[in-house]
Structure formats: C-alpha cells, structure tokens
Amino acid sequence: MHCLVNENRDFSPGKDIILLKTEACNLMPRLCLGSHPWETVMTAAMRKYPNPMNPSVVGVDVLDRHVDASGKLHSHRLLSTEWGIPSIVKSLIGTCRTRTYVQEHSVVDPVKKTMELKSCNISFTNLVSVDERLVYKPHPHEPHKTILTQEAIISVKGVSLSSYLEGLMANTISSNAKKGREALEWVIKRLNAEIEEFAASARGTMRNSMAAAAFVEK
C-alpha cells in the first residue's frame, strides 16, 4: 500500500494542530472480483450488511433513495458501527463512546454500468476524517468480471495522537478492505442460493400443478 502523506502545520497564535493527510491511498487499485458480472456485484454491494465478516457494522438505515431523470439510482444511508477504540485513546480523547456513524452516498448508473460509493465518518470528526471512494465497473476485456477501484483519504488532527491514529486508521481500512471483499463473496453466495431455492420452489409448484391437471383430466 503506497500512501503519500503531507503534513501541514498551522503556526497561528493559539493553534498547534498537525493535519496528516493520506492522499488517495489506493488500497486495492483495480481489483478483479472473480468471475462475477457487474449486475451481481452491484446487487451484493447494496445488500452487503449485515454480514459475519464485518460485525462492527451494527445497523444500516436508508435515509433517501431515488432515481433521477437520467435513470441513475441514488442512495443515502447511515451506517452505525462499533469502533474498537483502544483504552489509551479513550483516555486521551476523554470519551468512552464506541458507537460511531458513517454516512454513505452511492450512485448506480445502469447504462454505463458503474456504481460509485462514497462514505465518510460523522463521528469523532474533530480527531479524524476518513473519506472512502469505491467504484465498481465491468472488466474492460472480460465483461463477465467486475473491477473494483478503492481509495481512502485519512485526515488526523491533534499533535499527541496524529501519527498513532493515522497508522491505526490506515491499518483498519486496509483490514476492512479485505473483509469487505470476503463479505461480497459471502453475499453473492447467498444470492445464488436464494435464486436456486426460488427456482427449485418454482419447479416444484409447476410439477404439482401439472400433476393436479393430469388428475382432473382422468
């Protein structure tokens, strides 16, 4: 993982803040998500939570969902998460709260076959800001596969915690990126199982109907 870190100091009177910004930290640039078409991956991404790989996400609320004039689907969701903050960090920032909230905006373009998802935390923003961007689109040469481009920008404020929190958040995001891919595979398997179950039920219903019709004819 290559991260370009810029450090900006504000030496104005009364200010002593270091802003560490991990610019466009490409965690998994152009990752190929197996042999899954874009439509399947997009559906799985919309139904990603809850899943056993990301137990920290404890709630998902849809705040808004609409289709614009061009046919794009816009979704605005609020994710409730339990962030495992180390005790030393809790004491330094003066809080015992572990519940954090993340707002997520996504746009699905069914014509261009792209899904762009942006998220940012709305808790602890006085200490850290994490802006993530994910883009799903078909593989340019193998349409039955999907490409995921993922990046994150981490901004940490506070002299005593800046380096520690920046490293902590970068490691957490990297770990969650791997878990997120595993979660997508898990959801896709569930979707395929649901489709197969529905198909089996439909076949059973059809057989019963045909048997009943044959009995009536007799």
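This structure is a prediction, so every number in the text was calculated from the model and none was measured.

(A) Local environment of empty space enclosed by the protein. Taken as a whole and judged by the stated rule, the model has 1 cavity of 30 Å³ or more. For the largest cavity, the calculated volume is near 30 Å³. Together, A45, M46, R65, S75, R77, E104, S106, M115 and L117 line the largest cavity. Class assignment for the residues of the lining of the largest cavity results in 4 nonpolar, 2 polar and 3 charged.

(B) Quick look at the side chain of K48. Take K48: it is sitting in the loop between α1 (38-46) and β4 (57-67). Apart from the residues within four sequence positions on either side, K48 is in contact with N54, G180, A183 and V187.

(C) The arrangement of the pairing of strand β8 (residues 128-138) in detail. Where strand β7 (residues 114-121) and β8 come together, 6 bridges link them in antiparallel fashion. Of the residues in β8, the one forming a bridge with L117 is L134. Strand direction decides the pairing type here: β8 and strand β9 (residues 146-157), joined by 11 bridges, are antiparallel. Bridging from a neighbouring strand, S129 pairs with S155 of β9.

(D) Representation of the pattern of salt bridges within the structure. In total, this model carries 8 salt bridges according to the counting rule given. In this structure, R99 and E82 form a salt bridge, with 2.8 Å as the shortest nitrogen-oxygen distance. Of this pair, R99 sits in strand β6 (residues 99-109) while E82 sits in strand β5 (residues 73-82); the two residues are 17 residues apart in sequence, bridging distant segments of the chain. Taking the relative accessible area as the measure of exposure, E82 reaches 31% and is therefore partly exposed. Where E116 meets R133, a salt bridge forms, and the shortest distance between an N and an O atom there is 2.7 Å. Taken together, the residues E116 in strand β7 and R133 in strand β8 connect sequence positions 17 residues apart. The class of E116 is partly exposed, set by a relative accessible area of 28%. Among the residues examined, R133 registers a relative accessible area of 31% and is labelled partly exposed. Through salt bridges with shared partners, a single network forms among E116, K118 and R133.

(E) Unusual backbone geometry, seen in detail. P50 follows Y49 through a cis peptide bond whose omega is 0°. Position of P50 among the secondary structure elements: in the loop between α1 and β4. The phi dihedral of K113 falls on the positive side, at around 55°, and the residue is not glycine. Of note, K113 is situated in the loop between β6 and β7. Among the residues examined, K113 registers a relative accessible area of 33% and is labelled partly exposed. Positioned with a positive phi, F124 is a non-glycine residue whose angle comes to about 55°. Turning to its location among the elements, F124 is positioned in the loop between β7 and β8.

Thresholds, definitions, all that
- Residues numbered from 1 in each chain as written.
- Predicted model: local features only at pLDDT ≥ 70, side-chain atom pairs only at ≥ 80, totals over all residues.
- Heavy atoms only, no water.
- 1 Å grid on protein atoms, 1.4 Å probe; cavity = no way out; pocket = protein on both sides within 12 Å on 5 of 7 lines; lining within 4 Å.
- Points joined across faces, edges and corners; volume = space filled by probe spheres on them.
- Nonpolar A, V, L, I, M, F, W, Y, C, P; charged D, E, K, R; others polar.
- Helix = DSSP H or I, 4+ residues; strand = E, 2+ residues; numbered from the N terminus.
- Contact = heavy atoms within 4.5 Å.
- Pairing = 2+ DSSP bridges.
- Salt bridge = Lys/Arg side-chain N within 4 Å of Asp/Glu carboxyl O.
- Buried < 20%, exposed > 50% of the residue type's maximum accessible area, 1.4 Å probe, protein only.

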